[in-house]
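The residues making up each chain are set out below.
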Amino acid sequence: MPDAKRVKTGIKGLDKLMEGGLLEGSVYLLSGNAGAGKTIFSMQFLKEGVANKESVLYISTEEKEDSIRKGFKILGWDLGKSIEIIGLSPDELEDEWESLLSNKIERNKIKRIVLDSISLSTLYYKDDYSVRKYLYKFVSFLKDKKITCLLTSEVPEKQGVLSRGGIEEFVCDGVILLQFLGTGGKYERGLTIRKMRWTSHTLDIHPYRIEKNKGIVLGG
Ligand SMILES: Nc1ncnc2c1ncn2[C@@H]1O[C@H](COP(=O)(O)OP(=O)(O)OP(=O)(O)O)[C@@H](O)[C@H]1O
Ligand SMILES: [Mg+2]
């Protein structure tokens, strides 16, 4: 049974929709369409950790550190040295993640990790069993270390899908879904707490915006 301590997401107004936040030491899937705001949400989560004087780590499988830092500067955030960013190639993610992360976690006493994204690693395996085995090992490792994690998950533009592999959502402790909803000739952004183990939460679709300097802002 997880610790009942709640960890704030860094998204204003979101924590009160789920009993005060994420459970410390649990692993969550942040699912969303292309451009839904997964990377921005993730960085807000890490910034909240830094504000609480926690060590945090951002792992990217998509972009290099430089381009991530430059991107966030354009958004109005200077991430500074307090947010460590590493890029992991698909090969490193498959073969070396355990030793690499163990070292970093122990050395820096890391409390929050974002893996942006988990999707690539699930494409590596040929069958569902191998994907599930890998994900289970990865998620168990993070939980054993008592780190609160977000794993971003790319989902195709069709309703009712939470991940590319269709397995990630079952292995994780919760799922937050960022999606585009087509209404009357334009898209709206909507956030749903789709699954949150041991937690009472809303199932409403909450409108949100993305704004310079602020990132994800809940509300119409
Ligand atoms: N200054 C801004 N003002 C308003 N919206 C912005 C601004 N900067 C970025 N955006 C929005 O944020 C989106 C990108 O957010 P983010 O990179 O977090 O999405 P993502 O879900 O990680 O995308 P991907 O699937 O490509 O990784 C852009 O497509 C754009 O809609
Ligand atoms: Mg992204």
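Everything that follows concerns the structure shown earlier in this document.
Presented here is an overview of the structure given in this document. (Residues numbered from 1 in each chain as written. Chains lettered and ligands numbered in written order. Predicted model: local features only at pLDDT ≥ 70, side-chain atom pairs only at ≥ 80, totals over all residues. Heavy atoms only, no water.)

## Comments concerning the sheet that holds strand S6 (residues 110-116)
The 9 strands are arranged S5-S4-S6-S7-S3-S8-S9-S10-S11 in an open sheet whose pairing can be described as mixed. At either end of the open sheet lies a strand with only one pairing partner, and these are strand S5 (83-87) and strand S11 (215-218). Across the sheet, the mean angle from the axis of one strand to that of its neighbour is 25°, orientation sign disregarded. In this sheet, S11 lies alongside strand S10 (residues 206-211) in antiparallel orientation, the contact comprising 4 bridges. Counted as the bridge partner of Ile-210 is Ile-216 from S11. Contacts from helix H2 (residues 65-75) reach strand S4 (55-60), S5 and S10, with the element oriented near 135° to S5. (Pairing = 2+ DSSP bridges. Helix = DSSP H or I, 4+ residues; strand = E, 2+ residues; numbered from the N terminus. Axes fitted to C-alpha atoms, helices over the stretch in contact; angles between N-to-C directions. Contact = heavy atoms within 4.5 Å.)

## Here's the deal with unusual backbone geometry
Across the chain, the bulk of peptide bonds are trans and the bulk of non-glycine residues have phi less than zero. Omega for the peptide link from Asp-116 to Ser-117 comes to 10°, which places this bond in the cis form. Mapped onto the elements, Ser-117 comes out in the loop between S6 and helix H5 (119-124). Of note, Lys-109 is a non-glycine position whose phi angle comes to about 50°, a positive value. Summarising the element assignment, Lys-109 is placed in the loop between helix H4 (97-108) and S6. Using a relative accessible area of 63% as the deciding quantity, one classes Lys-109 as exposed. (Buried < 20%, exposed > 50% of the residue type's maximum accessible area, 1.4 Å probe, protein only.)

## A look at the pairing of S10
Pairing of strand S9 (residues 186-196) with S10, which is carried by 2 bridges, proceeds in the antiparallel orientation. Note that in S10 the partner of Gly-190 across the bridge is Pro-207. Linkage of S10 to S11, two consecutive antiparallel strands, is achieved through a turn of 3 residues, within which Asn-213 is found at a positive phi near 70°.

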